[in-house]
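Report on the structure
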Amino acid sequence: MIERIGILGAGAWGTALAAAVTTAGRQALLWTRNAELAQEINEDHSNSVYLPRAHLDPSIRATSDAADLSGSDALLLVVPAQHLRVIAGGLDAILPKDTPLVLCCKGIERNSGKLMTEVAAEALPGRPLAVLSGPTFAAEVASGLPTAVTLASEDSGLAAALAESLGNRSFRPYLSNDPTGVEVGGAVKNVIAIACGIVQGRALGDNARAALITRGLAEIVRLGLAKGGRSETLMGLSGFGDLTLTCTAVQSRNYALGLALGEGADFEDLMSVRLTVAEGVESAAAVTTLAKTLGIEMPISKAVNAILHQGADIDAVIGSLLARPFTTE
């Protein structure tokens with residue numbers, strides 16, 4: 001039985017997952033680097049920095065000592081994608097080798113082009129791995145609103161056990177044996193969401209946003225197949241579902257970032273004041289490099305990368321996309 005669930009990362013999503021875990025009747029232990037935040041969660045049952053309107057179940061406990069996670073029956077990794085390797089590596093001497101790891105962060109490591117399961121396998125070798133992804137806003141999960149996610153592992157028994165432990169009436173995991181497809185969907189949708197925000201900020205209309213979502217899905221499927229995932233996975237919750245949510249709501253950090261850029265805000269100014277991570281920023285560069293390595297075309301992702309990291313003019317980039325040759329779907 002998976003009863004004691006450790007959660008590495010007490011941001012909005014990690015805290016929301018702790019709420020889901022307790023609703024499912026399990027024990028949740030949140031780890032954060034910030035000792036003051038751990039104290040607030042334990043004493044005030046709140047996370048005023050990352051999830052300010054949520055009242056947390058008093059049974060949720062928090063710690064700033066990673067060694068406290070050693071007794072977990074499973075560990076959810078909910079840290080920023082670009083920090084996963086370093087943070088997870090520090091757990092190697094703490095966690096037993098048979099502790100399942102559930103990757104809940106969405107991104108591609110910029111320096112290596114590796115998916116989160118690939119990073120985790122190197123940082124914490126020999127552990128059973130699963131991936132949790134799908135269309136989720138943390139505040140809604142924490143409030144107990146109905147949510148469906150994908151829980152993927154090559155070990156179907158592990159996936160089933162995790163679903164039984166994490167799922168509840170309002171938080172519903174659907175099983176998959178295609179973690180690669182699930183990871184690709186979760187990472188690239190953030191890049192497409194930035195593009196959709198830019199289009200909205202430039203007042204280019206709903207037709208343009210619908211086109212971006214559709215063609216963005218084509219890019220996601222292209223990369224997923226090239227990495228060994230399955231197209232049907234990317235038509236599900238972790239692909240099309242997550243893409244739709246992220247590309248249509250200002251709650252999305254990536255969409256909101258693109259919206260501000262489209263309205264004329266300076267990228268460096270926006271990044272300097274953000275408390276939370278928009279994973280699509282780093283993933284845009286990683287996806288563009290990975291696509292080139294794999295020999296596949298991802299023009300929307302490449303365009304977002306040019307705007308974010310190469311100083312490209314937004315209107316010029318949009319013009320270049322619209323000038324691409326007509327082709328088949």
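Preceding this section is the structure that the text describes.
Cut-offs used in this document
Residues numbered from 1 in each chain as written. Predicted model: local features only at pLDDT ≥ 70, side-chain atom pairs only at ≥ 80, totals over all residues. Heavy atoms only, no water. Helix = DSSP H or I, 4+ residues; strand = E, 2+ residues; numbered from the N terminus. Buried < 20%, exposed > 50% of the residue type's maximum accessible area, 1.4 Å probe, protein only. Contact = heavy atoms within 4.5 Å. Salt bridge = Lys/Arg side-chain N within 4 Å of Asp/Glu carboxyl O. Pairing = 2+ DSSP bridges. Right-handed = clockwise from strand over helix to strand, strands pointing away.

Attention shifts here to the side chain of T22. Mapping T22 onto the fold places it in helix α1 (residues 12–23). A relative accessible area of 12% places T22 in the buried class. Not counting residues up to four positions away in its chain, the partners in contact with T22 are A28, D57, S59 and I60.

This part is about the pattern of salt bridges. Enumeration according to the criterion identifies 15 salt bridges in this entry. Two residues, E118 and K227, come together in a salt bridge whose shortest N-O distance is 3.3 Å. Here the residue E118 occupies a position in helix α4 (residues 116–123), and K227 occupies one in the loop between α8 (206–226) and α9 (231–234), the gap between them amounting to 109 residues. In this structure E118 comes out as partly exposed when scored by relative accessible area, which is 30%. On the basis of relative accessible area, K227 is assigned to the partly exposed category, the value being 24%. Note that R202 and D315 form a salt bridge whose closest N and O atoms lie 2.9 Å from each other. With R202 in the loop between α7 (179–201) and α8 and D315 in helix α15 (residues 314–322), the pair connects residues that are 113 residues apart, well separated along the chain.

Let us now look at the pairing of strand β4 (residues 74–77). Where burial is concerned, the two faces of β4 agree: the one with A74 and L76 and the one with L75 and L77 are both buried. Alignment of strand β1 (residues 4–8) against β4, held across four bridges, turns out to be parallel. Across the sheet, residue I5 finds its bridge partner in β4, namely A74. As judged from the three bridges shared by β4 and strand β5 (residues 101–103), these two strands associate in the parallel manner. Bridging across to β5, L76 finds its partner in V102. Once the chain exits β4 it traverses helix α3 (residues 84–89) before rejoining the sheet at β5, and the crossover so formed is right-handed.

Its place among the elements puts L69 in the loop between β3 (61–63) and β4. A C-alpha to C-alpha distance of 7.4 Å links L69 and L29, two positions 40 residues apart in sequence. Those residues in contact with L69, other than ones at most four positions away along the chain, are G6, I7, L8, L29, W31, L75, L91 and L95.

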